[in-house]
Amino acid sequence: MELGPDDERALAELEARTSAEDPWFALGLRAGEPCPPAEYRRHRKHRLRLLLALAAAALAITAFLAGSPCGGMIAALGAVLALVTIRDGFFGPPSA
C-alpha cells in the first residue's frame, strides 16, 4: 500500500519529533531493537531512589537499635530520598 504525500509528511514529522524527544527510542526503532520509551525508563530511577530510601531507613533503625550516634543522619538521608522520589511523581502518572 502506497502512502500519499500528506501521509509521508505526517510520518516524517512524527519521526523528527520522536527523534528530538526520545533519541534512544528512535534509534532503537531504526535498528529494529526498540527500547522502552522515556516515560517507562524514568520509573527505574524512581524505583532505585525508593529502594535506596528503604535501605537507608532499615540502616537507620539498625543504627538506633545498636545505639550508634550516626542513626539520625542516616534517617535524614532516607527521608530526603523518599521525599524527592515522591515529589518527582513516583506515584503519579508518567508525564509526557
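Residues numbered from 1 in each chain as written. Predicted model: local features only at pLDDT ≥ 70, side-chain atom pairs only at ≥ 80, totals over all residues. Heavy atoms only, no water.

Section: a nonpolar patch on the surface
So, point 1. A surface patch of nonpolar side chains, amounting to about 250 Å² of accessible area, comprises Leu-3, Leu-11 and Leu-14.
So, point 2. Among the residues examined, Leu-14 registers a relative accessible area of 42% and is labelled partly exposed. (Patch = residues over 30% accessible without salt bridge, like charges linked within 9 Å, V, L, I, M, F, W, Y side chains within 5 Å. Areas by Shrake-Rupley, 256 points an atom, 1.4 Å probe, with all protein chains shown as cover. Salt bridge = Lys/Arg side-chain N within 4 Å of Asp/Glu carboxyl O. Buried < 20%, exposed > 50% of the residue type's maximum accessible area, 1.4 Å probe, protein only.)

Here's the deal with the pattern of salt bridges
So, point 1. This structure, assessed with the given rule, holds 2 salt bridges.
So, point 2. Put simply, Asp-6 and Arg-9 hold a salt bridge, and the shortest N to O gap is 2.5 Å. Separated by 3 residues within a single helix, Asp-6 and Arg-9 lie in helix 1 (residues 5–21), roughly one turn from each other.
So, point 3. Notably, a salt bridge pairs Arg-30 with Glu-15, separated by 3.9 Å at the nearest N-O pair. (Helix = DSSP H or I, 4+ residues; strand = E, 2+ residues; numbered from the N terminus.)

Things to note about the packing of helix 1 against helix 2 (residues 23–31)
Helix packing geometry: the angle between the two helix axes and the distance between the axes.
So, point 1. At a minimum axis separation of 5 Å, helix 1 and helix 2 run at an interaxial angle of 125°. In this view, helix 1 runs oblique relative to helix 2, as classed from their interaxial angle. Across the interface between the two elements, Glu-15, Thr-18, Ser-19, Ala-20 and Glu-21 of helix 1 pack against Pro-23, Phe-25, Ala-26 and Arg-30 of helix 2.
So, point 2. Tallied by class, residues from the contact of helix 1 with helix 2 come to 4 nonpolar, 2 polar and 3 charged. (Axes fitted to C-alpha atoms, helices over the stretch in contact; angles between N-to-C directions. Parallel < 35°, antiparallel > 145°, perpendicular 65-115°, else oblique. Contact = heavy atoms within 4.5 Å. Nonpolar A, V, L, I, M, F, W, Y, C, P; charged D, E, K, R; others polar.)

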